[in-house]
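# Results of the structural survey
Here are the chains, one letter per residue:
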Amino acid sequence: TVCLLAGSLYLPSSLTVSVPQQWLVNGGHMADLWQNCTSGAVFQCLASSSNEWLQSVQAMMILSVIFSVLSLFLFFCQLFTLTKGGRFYITGVFQILAGLCVMSGAAIYTVRHTDWHQASENTSYGFAYILAWLAFPLALASGIIYVILRKRE
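Fair warning: this is a prediction, and the values are worked out from it, not measured in the lab.

The next point concerns the UniProt feature "transmembrane region" (unreviewed entry) in the protein. Under the UniProt annotation, "transmembrane region" (unreviewed entry) lies at residues 57-76, 88-109 and 129-149. Helix makes up 95% of residues 129-149 and strand 0%. Its end C-alpha atoms lie 30 Å apart.

Next up on the list: helix α4 (residues 127-148). Residues separated by three or four positions in an α-helix point in the same direction, a consequence of the helix having 3.6 residues per turn. The terminal C-alpha atoms of α4 lie 32 Å apart, and with 22 residues this matches the ideal 32 Å at 1.5 Å per residue to within 8%. Among the residues making up α4, those that are buried are Ala 128, Tyr 129, Ala 132, Ala 135, Phe 136, Ala 139, Ser 142, Gly 143 and Tyr 146.

All right, on to a nonpolar patch on the surface then. Where nonpolar side chains cluster on the molecular surface, the patch consists of Ile 62, Leu 63, Ile 66 and Leu 70 and spans about 300 Å² of accessible area. Mapping Leu 70 onto the fold places it in helix α2 (residues 52-81).

Moving on, we come to the nonpolar core. Listed in full, the 12 residues of the largest apolar core are Leu 33, Trp 53, Leu 54, Val 57, Met 61, Val 102, Ala 106, Tyr 109, Tyr 129, Ala 132, Ala 135 and Phe 136. Elements supplying a minimum of two residues to this core: α2, α3 (89-116) and α4.

The next point concerns the side chain of Ser 71. Mapping Ser 71 onto the fold places it in helix α2. Take Ser 71: its relative accessible area is 1%, and that puts it in the buried class. Setting aside anything within four residues of it in sequence, one finds Ser 71 in contact with Thr 91, Phe 94, Gln 95 and Tyr 146.

Definitions and limits used
- Residues numbered from 1 in each chain as written.
- Predicted model: local features only at pLDDT ≥ 70, side-chain atom pairs only at ≥ 80, totals over all residues.
- Heavy atoms only, no water.
- UniProt positions renumbered as here; feature names shortened; annotations may be inferred.
- Helix = DSSP H or I, 4+ residues; strand = E, 2+ residues; numbered from the N terminus.
- Expected span 1.5 Å × (residues − 1).
- Buried < 20%, exposed > 50% of the residue type's maximum accessible area, 1.4 Å probe, protein only.
- Patch = residues over 30% accessible without salt bridge, like charges linked within 9 Å, V, L, I, M, F, W, Y side chains within 5 Å.
- Areas by Shrake-Rupley, 256 points an atom, 1.4 Å probe, with all protein chains shown as cover.
- Salt bridge = Lys/Arg side-chain N within 4 Å of Asp/Glu carboxyl O.
- Core = buried A, V, L, I, M, F, W, Y, C linked by side-chain atoms within 4.5 Å.
- Contact = heavy atoms within 4.5 Å.

Set out below in structure tokens:
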């Protein structure tokens, strides 16, 4: 039940990180992985850049969602098919992979975002960026707990 709770806490976090949200905020300008929005007299959103590094961040976030959904599905499958005392290895591996994908995407974004938007004093990271870094240790801890967890009666 601890793993199910940790997994259910991580899954919404990874979905929130991957749905277009604020990754970078600069006054009236907001940028995420898929679009750049400017607020002012007129609220306008344009598609984001097609940089290779940005596409790799997008891919990592999408993969993290896929791995976390697979992990949840595999947990329920293993819950009913594992013998007593069996470990949830496959579930744990997919959850750890999801965490590593989130970490890779957030790390790439951290290093390369200045190629996309010039840094200034008013620029700050948005809530989705912070949520990505919070989702990484949660997914990793959840995956480790899955691997350690044994099935009870």
